[in-house]
Amino acid sequence: MRKLLAVLLVALVGLGLVWFLAGRAAGPTITLASPSSVIGQKTPLKFDVYAPGGALTDMSVRLEQGGQATALGTLAAPQALKVAPGADRVSVAGEIGRSVAPGLKTGTATLVIEATRPVLFGLRRVSSVVRKDLQVRLTPPTLAVLSQFHFINQGGAEVVVYQVNPADVPSGVRVGDREFVGLPAAGAGIPNAAPGLRVVFFPFLFNESPAAPVSLWARDEAGNQARASVDAKVTPKQFRKSTIPLDDAFLQKVVPAILQNTPDLQVADANDLLGSYLTINRELRKRNNDTIRQISLTRSAKEILWRGPFRQMMNSAVEAGFADERTYTYQGKDVDKQVHLGFDLASLQNAPIHAANRGVVVFAGFLGIYGNCVIVDHGMGLQSLYGHLSSIGVQEGQTVEMNAELGRSGQTGLAGGDHLHFTMVLQGEFVNPVDWWSSQWIEDRVMRKLRAAGAPAVAVPTP
Ligand SMILES: [Zn+2]
């Protein structure tokens, strides 16, 4: 009897210990991704709650300010929150701000997230709570267009000078549904610029509708937005159509060389020259253009490096223009269609290729359909590209003056004969170089606006 009592006592103590320890287990882990510090009218709310098996018994979200609490949702009644259970976590997304808490005032508010998970086979529960103080900012940024006369060629570029307040919010130009970023005016050579003075160089895509609206955008951390329309006149351009007949000699010349230099490109059958060519012309072209886009968006200086009009390859014949629509034929049948987003300029074999303007080399190497290729950054989102070179004479990181030799022309990549493929890239998009070759365009479209905004008169050097 006494033995039995002792066993029962030990069992009871053991159970009590298990019960006690279970209650001391860690609660769910709550990680808040957004907001980070500021909320406004409508700010994204995003957080994850980690628990074994994604099992939660409860979760609640509320916003507190001045003793008032606004419930934003619970596990049982999520309201506007989107609750997505996963294998080891529950992901929650929604919005926070005056849109869901109409009484919210400028000042400080506290976001409170609580979560509870089951332990000990669901017999006990453990909780966690996260409290995050947030600044409430309800006034949207303001925008004012300062430059005048925005005349844009479809497929070309344009400049807007504007003022944004507060000075630290991201802003720029929107064309249709594409956004481009404005940079502090000091980068455009405007000394003592007001803190929110911005200059944006932006592309108007060749395939954008000429009727697409052009406006300024600004968006603060709290998600407050501003918009101001830009008075812009777009000149529609007719782009040429051309036909490129493919023959076996050409395919034999370009396909194996590109495949050899691009081992990670998957083709169904390397012996099928036309099939491989089409993979190169479609997939590799897209991949190469993505690389160019990334270089343009991530490797451009915050200030203008170029001076005066850009230089066109000397004594060259134009073999193909910007945005020519090319139909490729093989044995009389249409096999592909692509848009040629550059100029093909031919002169002599192995002709010296010069930098079109001052800048920094940001790419020098083999780039698929462009063969041996050099990209020069001219700052504030603008870059120039030189393709099909036989040899490259510069290195990445090197500063080059206008006319510096970058290499020699050739026919590497997708090239039928020795020529230079030249194009310009602005904020990730190909733009027609013709504008940049014109001293009148540089003066009217760029220099006049920068001077009006306070830049000193810049003499345009003749190339
Ligand atoms: Zn070309």
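The coordinates are above.
Residues numbered from 1 in each chain as written. Predicted model: local features only at pLDDT ≥ 70, side-chain atom pairs only at ≥ 80, totals over all residues. Heavy atoms only, no water.

On to the overall build of the chain. Looking only at helices and strands, one finds 5 helices and 33 strands in the chain. For the chain, whose C-alpha radius of gyration is 30 Å, the value lies well above the compact-globule estimate of 23 Å for 463 residues. Principal-axis analysis of the C-alpha atoms gives the chain an extent of 110 × 60 × 40 Å. For the chain, buried positions account for 48% of its 463 residues. A total accessible area of about 22200 Å² is found for the chain, and carbon and sulfur atoms account for 54% of it. (Helix = DSSP H or I, 4+ residues; strand = E, 2+ residues; numbered from the N terminus. Rg over C-alpha atoms; globule rule 2.2 N^0.38 Å. Buried < 20%, exposed > 50% of the residue type's maximum accessible area, 1.4 Å probe, protein only. Areas by Shrake-Rupley, 256 points an atom, 1.4 Å probe, with all protein chains shown as cover.)

Our focus in this paragraph is the sheet that holds strand E10 (residues 142–145). The 4 strands lie next to each other as E10-E12-E16-E15, forming an open sheet whose pairing is antiparallel. Edge positions in the sheet fall to E10 and strand E15 (183–184), since each of these pairs with one other strand and no more. One ladder, built from 2 bridges, connects E15 with strand E16 (residues 197–203); its direction is antiparallel. In the strand pairing of E16, Leu183 is matched with Val199. Packing against the sheet, helix H5 (residues 439–452) makes contact with strand E12 (157–165) and E16, and its axis sits at approximately 10° to E12. (Pairing = 2+ DSSP bridges. Contact = heavy atoms within 4.5 Å. Axes fitted to C-alpha atoms, helices over the stretch in contact; angles between N-to-C directions.)

Here the focus is the sheet that holds strand E13 (residues 171–175). Pairing in this open sheet of 4 strands is antiparallel, and the strands run E14-E13-E17-E18 from one edge to the other. The open sheet has two free edges, formed respectively by strand E14 (178–181) and strand E18 (225–229), since each of these has just one partner strand. Averaged over all adjacent pairs, the angle separating strand axes in this sheet is 30°, with direction ignored. In this sheet, E14 lies alongside E13 in antiparallel orientation, the contact comprising 4 bridges. Bridge assignment links Arg174 to a residue of E14, and that residue is Glu179.

Our next topic: helix H3 (residues 273–298). Here H3 is 26 residues long and its end C-alpha atoms lie 35 Å apart, about the 38 Å a rise of 1.5 Å per residue gives. At Leu284, H3 shows its strongest bend, of approximately 30°. Looking at where H3 begins, the residue whose side-chain oxygen comes 3.4 Å from the main-chain nitrogen of Leu274 is Asp272. (Expected span 1.5 Å × (residues − 1). Bend = angle between axes of the 7 residues up to and from the residue. Polar contact = N/O pair within 3.5 Å; in protein donor to acceptor, adjacent residues only side chain to side chain.)

Attention shifts here to unusual backbone geometry. Cis geometry marks the peptide bond from Ser34 to Pro35, where omega comes out at 0°. Cis geometry is adopted by the peptide bond preceding Pro166, which originates at Asn165 and carries an omega value of -5°. Locating Pro166 in the fold gives a position in the loop between E12 and E13. Even without glycine at this site, Gln331 takes up a positive phi of about 50°. Within the secondary structure layout, Gln331 lies in the loop between strand E22 (324–330) and strand E23 (333–340). Owing to a relative accessible area of 66%, Gln331 belongs among the exposed residues under this scheme.

Of note, Arg198 is situated in strand E16. Of the polar contacts made by the side chain of Arg198, one reaches the backbone oxygen of Pro195; its length is 3.2 Å. When residues no more than four places from it in sequence are discounted, the contact partners of Arg198 are Val160, Val161, Tyr162, Val164, Ala167, Ser171, Gly182, Leu183, Pro184 and Ala185.

Inspection of the secondary structure puts Gln252 in helix H2 (residues 248–261). With a relative accessible area of 48%, Gln252 lands in the partly exposed category. In the structure, Gln252 is positioned 187 residues away from Ser439 in sequence and 42 Å away in space, judged by C-alpha atoms.

Before going further, it helps to examine the side chain of Asp344. Looking at the secondary structure, you find Asp344 in strand E24 (residues 343–346). Accessibility expressed as a relative area gives 6% for Asp344, which makes it buried. Reaching out from Asp344, the side chain makes a polar contact with the side chain of Arg326 at a distance of 3.1 Å. Discounting residues that sit within four places of it in the chain, Asp344 has contacts with Ala317, Val318, Glu319, Ala320, Arg326, His419, Leu420 and His421.

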